[in-house]
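One letter stands for each residue in the lines below.
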Amino acid sequence: MAKRIKDLKSPTKAYKDRLKAIFVKPFASLSDRQRFWLGFAAFCLVTTFLIQNPFWSRVGERQYHTGDIARETIVSPADITVTDQAETDRLRAEARAKVNPIFRYESGKPEEALQSFIAAWEHMQRRSSSSNTNRAAETNSRTDGHWTSSDVGKVLSSRTFSRNELDAVQTALRDAADGYIYDDSERQYFQTQVFVFDRSKPTQRSTVSMPESNWTALSAARNKLRVRIDAIRSLSKKEADAFYSATEILVTPTVQYDSVATETARNAAASDIEPITIALKRGENIVDEGHLITPNVMSKIDAISSYTASTRKLNRFVGVLLLVAGLFWAAWKFVQNRGTLPRLSLTANRTFFLLGFVVVCQTVISAVLFRLADFTAIQNIKAPMNDATLWAFAIPFGAASLLMTLLADRPTALFAGLLNSMFAGLMAPRPLEFVLYSAIASAVAVYGIGRYRNRQTVTIAGSLVGAVSAVVSLAVLAYTQQPIILNTVLLSIACGLASGVLTAAVTSVLLPVCESLFGILTDVKLLELSNADLPVLGQLALRAPGTNQHSHAVGQLAEEACRVVGANGLLARIGALYHDIGKTAAPEHFVENQLAKNPHDKLKPAQSAKIIISHVTYGTKLAREVGLPARIVDFIPQHHGTRTLHYFLKKAQAEAHPDEVISENEFRYPGPKPQFKEAAIMMIADSCEAGARSLAEPNPENVRFIVTKIIDAILQDDQLDECDLTLRELTQIRESMIKSLVAIYHSRVDYPGYVPPASGQFRLVDTHIDSEERGLKFKDPADIPVSPGGEIEDEAIDRSHPPKGRDVKAAG
C-alpha cells in the first residue's frame, strides 16, 4: 500500500508544500484576527511603497528640459521660496571669470643679474691670482659653482679679456634680462587682460591687455642673450659658449603668476553675488499646456520639483498610505458583505487575501512599466516616441480583473479592477485619463469572457482586452487634444494591443500560482483532474472497474442536481470521480466489484465493517499523498458522513454472546458530516445510484420509491445539519435524481419473437460482464437494504442464504 501511494504521488505536491512553508507556516502561531490585520497592513504598506516611495525618485523625474513643449499646465502647489542654485552658481562663475589673473613684477631683476655677473667675474679673477682663496667666499657667488664645475672656468681664465669684450657681454646680459619676462609654463594663465603689481610699489596696479608685445618668454630672452654674445666678433666660438653658459642662469622671469592672490580675488568676487531666489505663490501658473519651456520657466519647474522632493515627499507618502488603506478597507467590507462565494466556497477572509495579493501583483507590474515608459520616452527625442503617456498604454491594467474573474466571481473581479484603476491614477502621468483607461480594460476583462473551461479562454480574453484598449487609447488622445497624426495613432494602437498580450501573459503566469497558494479550484483545474490517464483514476479503473463505473454515474447525478440548485456541478462531478479511490485497497469487498461470491460471507461483521470503513480513511490518506486539492479530499470522508453500517451492526449484535458488548463506534464512519452543498448532494447521489442499481426493474415508480426513501433516511439521520441545503432544494434534488436515474437505468424494449428465459433458470456467469450488472438485484424496492442513515448495504447480504420471502437475484 505504501509503495502504491508513493507511485501515485503528484509532482505538484512538493511545489504546494514549498509554497505553504514560505507563506503559511511562519504565521501558523497567530490567531485568525492577527493574521488578517497583519496581511491588511502588509497590503497597504507594499502598495504605498510601490506608488510613492519616499526613498527613491522616479526615473526621469525631471520631465522637461529647456526648449521642450509643456505636455500639461503646471501650477505651483504652494507658496514656494527656494534658492535657484543653478542660476546662482552660473552668476558666481561669471564673476570669477571676470577677475583678471594677477602677476607680480620685479623691476630690479636686470640689475641683480648684472651685479651677480660682475661679482662672479671678479671672484674668478682673484682666485686665479691667489691660491689661498677663502673656501667660504667661493660659495657666496651664484655662478662660482657653475663656472668651476666645468670647462667654463678654464675657458674664461685661459686669457685676459679686454674691457670692451667684458662690457659687450654685460650689455648683452643687461638687455636680455631687462623688461617683462615670464616663465613659459605660466603662459596658460594669460587672459585678455591681466593685472600687474610692482613689488617695489605694492599699492600700484596696472592692467595689461594681452597679448602684449613687450612681454617676453624666458626661452626667448635667453635666446636673445645667445644671439648678442655670438655677435661679439673678438670671441671665439668656445669663448662665446662659455660666456653664455655662465650668464644664462642669470636671466630669470621678472613677472610671476600669483595664484594665491588671484584665487582670493576671485573668491571675493563670487561671494559678492547674492543667492538668486525664486518666489512662487500657491496656484501661480507656471506654464500652459503646449507652450515652450524657457530657461526662466525651467527654473520654476525645478523649484517645484525641489520643493516637492525635499518638503512634501513624506507628506505625500503618508497621504497615499491613508488613501490606500481606505481603499483596501472598502474592498474588505465589499468582500465581507458578499460572504462566502458559493461556486468555489471561498470564505470572506480568503477572498480578501486573494484580492489583495492580485492587486499588489498588478501594482508591482504597473509601477515597473510606468518607470519603463518614462525611461523609454527619455531615450527618444522625436515625437511621439518621447511621450511617456503613449508608452504607458501598453500596461496590462486588465490582468487583475481577469485573474479575479477566473479565480472568484465577476462582482469581486470588477471591484478589483476599479481598485487597481485608482492605484494606476496615483502613478500615471495623466491620472484621470488612466483611471478611465484602466477601468474600461478591467470591465472588458470581467465581462468579455464566458465560463473558464480551457486555457484558450485567457488568450481570447487578452485579445479582446487588447482590441478595446487600442480603441480607448485613441479616445484618450482625442480627449486630451493630442495631434492625431499617423505615427501617434499607430503607436497608441500598438501599445493598446500590447496591453492585451501582456494581460494574457500575466494571467497565465499568475493563475497557477494563485490556484496553488489559495487552494482554488478553477474549472480548468477541475477538468485537468478528470483526466482518466492520471495514475489514481487509472488504478481505480483497473483494480475496481465496478467502483469506477459507479463513480462516473454518481458524478452525472450530482452534477445535474447541482445545476438545479445553483451549486458547482463540475466540482461535484470531479469529487465523485475520487470519492471512492480508497476501495482500490480491497476492491473485491465492495458489491459493485463482485461477480458472484461475497467475501463478507466468511468474515465477522466487525471485520467487514473495518474493511468497508477503511476505504474512507485510506482514500483520504491516498488523496492527500498524491496532492489532490483539499476540496476534492473533503468529498471522501463527507459523502458517508457519520452514518453507521446498520446491517453489519445488527448482524454483530445477533451473533454476539449474551455478555458481549458491541460498540456502535466500530461500525460508524469517522465523518465529518457534509459541510457544503456539493458534498451533501454527492452523499444523496451515492446512495441513490447504489439503490437504483439494485433494482431489478428500475421503472419510474420504483426509482421514485427508493430515492425518496433514501433522502428521507438521510434527513432523519441528521446528516445534512451542517450544510446549507434547504428543504426546497432537497425537493429539487430529489426530482433531479429521479429524472436522471430513470434515464440511466430505463427498462429494455421488448423485441417481437424474443422469448426470455423461464423463471428459475440460472444465467451463466460471464467473467467479462459489464460492471453495470454486478451486485444484487431486488424486484421489490422495499427489500433493498437501506440503513436508517440512507446507506445501501448490499455487502451485508449473505448470498449463500438469501433472505426468505424476498425475490433476490444475484448477477452471475
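To be clear, the structure that these remarks concern was listed above.
Note that the coordinates shown come from a computational prediction; the quantities given were computed from them, not determined experimentally.

Participant: When you look at the overall build of the protein in this model, what are you seeing that I'm missing?
Facilitator: In terms of helices and strands, the protein carries 31 helices and 12 strands. A buried classification covers 46% of the 812 residues belonging to the protein. Of the contacts formed within the protein by residues at least 6 apart in sequence, a portion of 80% connects residues at least 24 apart. Approximately 40200 Å² of the protein is accessible, and the part contributed by carbon and sulfur atoms is 56%.

Participant: I'm lost on the packing of helix 29 (residues 677-693) against helix 31 (residues 727-744) in this one. Help?
Facilitator: It is the contact of helix 29 with helix 31, at a shortest axis distance of 11 Å, that shows an interaxial angle of 40°. The element helix 29 and its partner helix 31 pack so that their crossing is right-handed. When helix 29 is examined against helix 31, the residues Lys 677, Ile 681, Ile 684, Ala 685, Cys 688, Glu 689 and Ala 692 are found in contact with a partner set consisting of Glu 729, Leu 730, Ile 733, Met 737 and Leu 741.

Participant: I keep staring at the pattern of salt bridges and nothing clicks. Help me out?
Facilitator: Two side chains that carry opposite charge are able to pair once their charged atoms sit near each other. Throughout the structure, instances matching the rule amount to 26 salt bridges. A salt bridge links Glu 592 to Lys 583, with the nearest nitrogen and oxygen atoms 2.8 Å apart. Lys 583 matches Glu 592 in its accessibility class, with the two residues each being buried. Look at the salt bridges and you will find they share partners, linking Arg 226, Asp 230, Lys 237 and Asp 241 into a network.

Participant: What exactly am I supposed to notice about the pairing of strand 9 (residues 277-280) here?
Facilitator: Put simply, side chains in a regular strand alternate between the two faces of the sheet. Taking every second residue as pointing to the same face, the buried face of strand 9 carries Ile 278 and Leu 280, while none of Thr 277 and Ala 279 on the other face is buried. With 4 bridges joining them, strand 2 (residues 80-83) and strand 9 adopt antiparallel strand pairing. If you follow Val 82 over to strand 9, its bridge partner there is Ile 278.

Participant: Mind showing me how you'd approach the packing of aromatic side chains here?
Facilitator: Within a pair of aromatic rings, the relevant descriptors are the distance that separates the centres and the angle that separates the planes. Evaluated as defined, the whole model comprises 37 aromatic pairs. Residues Phe 190 and Trp 215 carry aromatic rings whose centres are separated by 5.8 Å and whose planes lie at 80° to one another, so their mutual orientation is edge-to-face. With Phe 190 in the loop between strand 4 (180-182) and strand 5 (193-198) and Trp 215 in strand 7 (residues 215-217), this residue pair connects regions lying 25 residues apart in the sequence. For the pair shown, Phe 190 and Trp 215 are each scored as buried. Taking the centre distance of 5.6 Å and the plane angle of 75° together, the rings of Trp 332 and Phe 352 count as edge-to-face. Taken together, the positions of Trp 332 in helix 14 (residues 313-338) and Phe 352 in helix 15 (residues 348-379) put the pair 20 residues apart, joining distant regions of the chain.

Participant: Whenever I open this one, the nonpolar core confuses me. Can you help?
Facilitator: It is characteristic of soluble globular proteins that their nonpolar side chains tend to be buried jointly. Within the largest apolar cluster, 67 residues are counted, with the highest numbers of intra-cluster contacts made by Phe 328, Phe 352, Leu 354, Leu 355, Phe 370, Met 404 and Phe 434. For this core, the element with the highest residue contribution is helix 15, accounting for 12 residues. Ignoring sequence-local partners within four residues, the contact set of Phe 434 consists of Phe 370, Thr 389, Ala 392, Phe 393, Phe 397, Ala 428 and Pro 429.

Participant: Before we go on, may I ask you to explain the environment of Val 359 in this structure?
Facilitator: With respect to the element layout, Val 359 can be found in helix 15. Through-space distance from the C-alpha of Val 359 to that of Phe 328 is 9.8 Å; in sequence the pair is 31 residues apart. In this structure, Val 359 is in contact with Phe 328, Leu 419, Asn 420 and Phe 423, ignoring residues within four places of it in sequence.

Participant: Looking at this model, I keep getting lost on the packing of helix 10 (residues 218-230) against helix 11 (residues 237-247). Mind explaining?
Facilitator: At a minimum axis separation of 9 Å, helix 10 and helix 11 run at an interaxial angle of 150°. For the crossing formed where helix 10 meets helix 11, the hand is right-handed. In this structure, helix 10 contributes Arg 222, Leu 225, Arg 226, Ile 229 and Asp 230 to the contact, and helix 11 contributes Lys 237, Ala 240, Asp 241, Phe 243, Tyr 244 and Thr 247. In terms of residue class, the contact of helix 10 with helix 11 is made up of 5 nonpolar, 1 polar and 5 charged.

Participant: Explanation requested: the pairing of strand 3 (residues 102-105) in the structure shown.
Facilitator: Summarising the sheet, strand 3 and strand 5 pair through 4 bridges and their orientation is parallel. Pairing of Arg 104 across the sheet is with Phe 197, part of strand 5. Examined bridge by bridge, strand 3 and strand 8 (residues 255-257) share 3 bridges and lie antiparallel to one another. Counted as the bridge partner of Phe 103 is Tyr 257 from strand 8.

Participant: Please explain the side chain of Glu 791 as it appears in this structure.
Facilitator: For Glu 791, the position within the fold is in the loop between strand 11 (776-778) and strand 12 (808-810). One polar contact links Glu 791 to His 640, side chain to side chain, over a distance of 3.0 Å. Sequence-distant contacts of Glu 791, that is, excluding residues within four places in its chain, are made with His 640, Arg 643, Tyr 669, Ser 687, Pro 785 and Val 786.

Participant: In this structure, what is going on with unusual backbone geometry? I would like to understand it.
Facilitator: Glycine aside, residues mostly have negative phi angles, and peptide bonds mostly take the trans form. In this model, Gly 671 is joined to Pro 672 through a cis peptide bond whose omega is 10°. Counting through the fold element by element, Pro 672 comes out in the loop between helix 28 (646-655) and helix 29.

Participant: Before we go on, may I ask you to explain a nonpolar patch on the surface in this structure?
Facilitator: A cluster of nonpolar residues, Leu 314, Val 318 and Leu 322, forms a patch on the protein surface that exposes about 300 Å² of accessible area. In this structure, Val 318 sits in helix 14. Residue Val 318 is classed as partly exposed on the basis of its relative accessible area, which comes to 41%.

Participant: Looking at this model, I keep getting lost on helix 30 (residues 700-716). Mind explaining?
Facilitator: Counting along an α-helix, one turn takes 3.6 residues, and residues three or four places apart therefore face a common direction. An ideal rise of 1.5 Å per residue puts 24 Å on 17 residues; helix 30 measures up with 24 Å between its terminal C-alpha atoms. Of all the positions in helix 30, only Asn 702, Val 703, Ile 706, Val 707, Ile 710, Ile 711, Ala 713 and Ile 714 are classed as buried. Taken around the axis of helix 30, the buried residues stretch over an arc of 160°, which confines them to a single face. Away from its buried face by more than 90 degrees, helix 30 exposes Glu 701 and Gln 716. Buried residues along helix 30 sit against helix 29 and helix 31. Directly beyond the C-terminal end of helix 30, a positive phi value near 60° is found at Asp 718.

Participant: I keep staring at the environment of Leu 490 and nothing clicks. Help me out?
Facilitator: Residue position: Leu 490 is located in helix 21 (residues 486-518). Overall, Leu 490 belongs to the partly exposed group, its relative accessible area being 48%. Distance in space between the C-alpha atoms of Leu 490 and Ala 470 is 9.6 Å, their sequence separation being 20 residues.

Participant: I'm lost on the side chain of Lys 109 in this one. Help?
Facilitator: Examined against the element boundaries, Lys 109 turns out to sit in helix 5 (residues 109-129). Judged by relative accessible area, Lys 109 falls into the buried class, the value being 18%. A polar contact of 3.0 Å, which involves the side chain of Lys 109, links it to the backbone oxygen of Pro 253. Those residues in contact with Lys 109, other than ones at most four positions away along the chain, are Thr 252, Pro 253 and Thr 254.

What counts as what
- Numbers given to residues run from 1 along each chain, matching the order in which its sequence is written.
- Reporting of local features is limited, given that this is a predicted model, to residues whose pLDDT is at least 70; pairs of side-chain atoms are given and counted only at 80 or more, and all residues count toward the totals for whole chains, interfaces and linings.
- Calculation of side-chain values draws on the structure's entire complement of heavy atoms; hydrogens and water are dropped beforehand.
- The secondary structure listing takes helices from DSSP runs of H or I that are at least 4 residues long and strands from runs of E that are at least 2 residues long, numbered from the N terminus.
- Note on classification: 1.4 Å probe, protein chains only; a residue is buried when its accessible area is under 20% of the maximum for its type, exposed when over 50%, partly exposed between these limits.
- Any two residues whose heavy atoms approach within 4.5 Å at even a single point are treated as in contact.
- To be clear on the numbers: accessible area is Shrake-Rupley with a 1.4 Å probe, and residue cover counts the displayed protein chains and nothing else.
- Angles here are taken between N-to-C directions and fall from 0 to 180 degrees, while the axes themselves are lines fitted to C-alpha atoms, restricted in helices to the stretch in contact.
- Two helices that cross are described as forming a left-handed crossing if the nearer one is turned anticlockwise from the farther one by less than a right angle, and a right-handed crossing if clockwise.
- Throughout this description, the term salt bridge denotes a Lys or Arg side-chain nitrogen within 4 Å of a carboxyl oxygen of Asp or Glu.
- For two strands to pair, DSSP has to find at least two bridges joining them.
- Each Phe, Tyr or Trp ring, with Trp reduced to its six-membered ring, pairs with another whose centre is within 6.5 Å; inter-plane angles below 30 degrees give stacked pairs, above 60 give edge-to-face pairs, and intermediate values give tilted ones.
- For this analysis, a nonpolar core means a set of buried residues of the types Ala, Val, Leu, Ile, Met, Phe, Trp, Tyr and Cys, connected via side-chain atoms within 4.5 Å.
- The nonpolar class holds Ala, Val, Leu, Ile, Met, Phe, Trp, Tyr, Cys and Pro. Asp, Glu, Lys and Arg form the charged class, and all remaining residues, Gly among them, are polar.
- Polar contact criterion, stated in full: a pair of N or O atoms within 3.5 Å, where within protein one must be able to donate a hydrogen and the other to accept it, and residues adjacent in sequence count only if both atoms are side-chain atoms.
- Note on patches: the residues involved have over 30% relative accessible area and no salt bridge, like charges join within 9 Å, and the nonpolar side chains Val, Leu, Ile, Met, Phe, Trp and Tyr join within 5 Å.
- Here, expected helix span is obtained from the residue count minus one, scaled by 1.5 Å.
- Read the arc as the range of directions from the helix axis to the C-beta atoms.

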